[in-house]
Amino acid sequence: MTQKLYYDSAYTREWHTHITHRVTKEDGVYVTLAETAFYPHGGGQPCDLGQIGGIAVLDVNLEEGDVWHKLERSPEQDEVQCELDWDRRFDHMQQHTGQHLLSAVTLKLTDAMTLSFHLGTDYDTIDVAAEVLSPEQLDAVEQEVNRQVVRNAPIHTSWVTAEEAARLPLVKQPTVTEHIRIVEIEGVEYNACGGTHVAATGEIGLIKLLKTEKVKGGTRIYFKCGTRALNEFTEAQQVLNNITAQLKTNRDELLERIAKMEQDQKLLQSELNAVKATNDTYYAQELLAAREGLVIAKVFEDKSLKDMQSLAAKLTEEHEGLVLFASISEAKVVLAQNGQPAEWACGPFFKGNLGAYQGKGGGSEKMAQAGFASSEDALAFYEFTKEQLGHHS
């Protein structure tokens, strides 16, 4: 059985050992070591990466007490020098210990137990048993976890029996009955956990809550710790600096400036809509005057779907035939009518024929619209529809 150095010290970065087993599988080469500091997947924490004998470690898993390391290729020698990807390991230590602290404080201040934990490559989450957490509660939690970081409380690990575990004020009793590993954040909590952790809360660094969302009757809290939290702040600050520079304002006036821009945008859009409506009225009269039979058909270079629908609706108010439009830039087609001729139902016609032209869409009997993979497909469907309409004009 592999001696697991990550239990003895999470700070072991390099060591010399020998390979005890080699196995070649369809997906790669796997080896076990006499001693390993590579943490395998488990407890919501991803595995460590690094090198064994100068060969990259691709994955690490625990099977029946042995730690199996997936390698790019098999080492030539049994005696090997091993090295962890320390930045990855320490990041996991910060995130995992930060999760313990966050879960403990959330339970204390909101009475919400943590149900699950996910340590991702970009952010972390905990799911807690609370349907809603108010902004005031979340702010209180964030302030308290960071106060505990500044307190720099020592973190201890130990192995206990089931009887000893039962006497400890654990968050929840472990499912295993022997070789129980306890992680204690001094003055905060005792927790049964096999993961890697920092030696004191100060090493977690900043803990920043990012957002929450409802999930399965509970609440998911997104957060980052340490270097991840610092990078998050740096990126957010860069975005903020760029926005304030472009708008030629400062942070304190930014929201007011954006509100003013939104108000101006709404006013401009209202004015534009009025101009479009006037133009559509004149253009509709031109199309009506130039129509031949019951069909008005037109291909536009760059008209939007919304504008085609608006114009079609205006035409069908005065035209008892059919209106067919296509937009080359958007690869969209619109068909509309006001109920005459009665045998033409726009939506059902589209549904029955779009598949042959790789189109998707639908609509009501009086108006239908569809989008296509290319302008060529849109024009082909337009010509097909125009031909079918011509049979009834």
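Residues numbered from 1 in each chain as written. Predicted model: local features only at pLDDT ≥ 70, side-chain atom pairs only at ≥ 80, totals over all residues. Heavy atoms only, no water.

The protein chain has the name Alanyl-tRNA editing protein in an unreviewed UniProt entry, where Paenibacillus silvae is given as its organism. Under the UniProt heading Subcellular location (unreviewed entry), the entry covering the protein chain gives this text: "Cytoplasm". Its UniProt record, at the heading Cofactor (unreviewed entry), says of the protein chain: "Zn(2+)". (UniProt positions renumbered as here; feature names shortened; annotations may be inferred.)

## Looking at the overall build of the protein chain
Check the secondary structure of the protein chain and you find nine helices and 20 strands. Dimensions of the protein chain, computed from the C-alpha atoms along their principal axes, are close to 90 × 55 × 40 Å. Counting only residues that meet the buried cut, the protein chain has 43% of its 393 residues in that class. Pairs at least 24 apart in sequence give 59% of the contacts found in the protein chain among residues at least 6 apart. In the structure as shown, the protein chain presents an accessible area of about 21,400 Å², 50% of it carried by carbon and sulfur atoms. Here the protein chain contributes 37 positive and 59 negative side-chain charges, whose respective centroids are spaced 4 Å apart. (Helix = DSSP H or I, 4+ residues; strand = E, 2+ residues; numbered from the N terminus. Buried < 20%, exposed > 50% of the residue type's maximum accessible area, 1.4 Å probe, protein only. Contact = heavy atoms within 4.5 Å. Areas by Shrake-Rupley, 256 points an atom, 1.4 Å probe, with all protein chains shown as cover. Lys, Arg positive; Asp, Glu negative; His and termini not counted. Charge placed at Lys NZ, Arg CZ, Asp CG, Glu CD.)

## Some details on the UniProt feature "domain: Alanyl-transfer RNA synthetases family profile" (unreviewed entry) in the protein chain
UniProt records the feature "domain: Alanyl-transfer RNA synthetases family profile" (unreviewed entry) at residues 1-220, using the numbering of this structure. Counting secondary structure, residues 1-220 comes out at 23% helix and 39% strand; the distance between its end C-alpha atoms is 38 Å.

## Side note on the UniProt feature "coiled-coil region" (unreviewed entry) in the protein chain
Per the UniProt annotation, the sites labelled "coiled-coil region" (unreviewed entry) are residues 244-278. Secondary structure content for residues 244-278 is 91% helix and 0% strand, while the C-alpha to C-alpha distance between its ends is 38 Å.

## Observations regarding the packing of aromatic side chains
With the rule as written, the count across this model stands at 17 aromatic pairs. Ring centres 6.0 Å apart and planes at 45 degrees place the aromatic pair Tyr-11 and Trp-86 in the tilted group. Of this pair, Tyr-11 sits in the loop between helix 1 (5-8) and strand 2 (14-25) while Trp-86 sits in helix 2 (residues 86-110), and the two are 75 residues apart along the sequence. Overall, Tyr-11 belongs to the partly exposed group, its relative accessible area being 32%. A centroid spacing of 5.5 Å and a plane angle of 35 degrees characterise the contact between Tyr-357 and Phe-384, whose relative ring orientation is tilted. Of this pair, Tyr-357 sits in the loop between helix 8 (346-353) and strand 19 (359-363) while Phe-384 sits in helix 9 (residues 375-390), and the two are 27 residues apart along the sequence. (Phe/Tyr/Trp six-rings, centres within 6.5 Å; stacked < 30°, edge-to-face > 60°.)

## Thoughts on the sheet that holds strand 9 (residues 114-119)
One open sheet holds the four strands; their spatial order is 9-10-15-14, and the pairing between them is antiparallel. At either end of the open sheet lies a strand with only one pairing partner, and these are strand 9 and strand 14 (207-215). Strand-to-strand twist across the sheet, computed as the mean angle between neighbouring axes with direction ignored, equals 20 degrees. By the bridge criterion, eight bridges tie strand 14 to strand 15 (residues 218-225) in an arrangement that is antiparallel. The residue of strand 15 that forms the bridge with Lys-211 is Tyr-222. This element, helix 2, spans strand 9, strand 10 (124-128), strand 14 and strand 15 of the sheet and lies at about 160 degrees to strand 9. (Pairing = 2+ DSSP bridges. Axes fitted to C-alpha atoms, helices over the stretch in contact; angles between N-to-C directions.)

## As for the packing of helix 6 (residues 251-290) against helix 7 (residues 305-318)
One can describe the packing of helix 6 onto helix 7 by two numbers: an axis separation of 10 Å at closest approach and a directional angle of 55 degrees. With respect to helix 7, the axis of helix 6 lies oblique. Read as a crossing pair, helix 6 and helix 7 show a hand that is right-handed. Side by side, helix 6 and helix 7 meet where Lys-276, Ala-277, Asp-280, Thr-281, Tyr-283, Ala-284, Gln-285, Leu-287 and Leu-288 of the first sit next to Asp-307, Ser-310, Leu-311, Lys-314, Leu-315 and Glu-318 of the second. Residues that form the contact of helix 6 with helix 7 fall into these classes: seven nonpolar, three polar and five charged. (Parallel < 35°, antiparallel > 145°, perpendicular 65-115°, else oblique. Left-handed = near helix turned anticlockwise from the far one by under 90°. Nonpolar A, V, L, I, M, F, W, Y, C, P; charged D, E, K, R; others polar.)

## Topic: the sheet that holds strand 20 (residues 367-372)
Strand pairing in a sheet is mediated by backbone hydrogen bonds. Such pairs are either parallel or antiparallel. Spatially, the five strands line up as an open sheet ordered 16-17-18-20-19, and their pairing is mixed. With partners counted over all chains shown, the strands left at the sheet margins are strand 16 (295-300) and strand 19, one partner each. On average, each strand axis in the sheet is tilted by 10 degrees relative to the strand beside it, whichever way the strands run. In this structure, strand 19 lies alongside strand 20, joined through five bridges in antiparallel fashion. Note that in strand 20 the partner of Gly-359 across the bridge is Phe-372.

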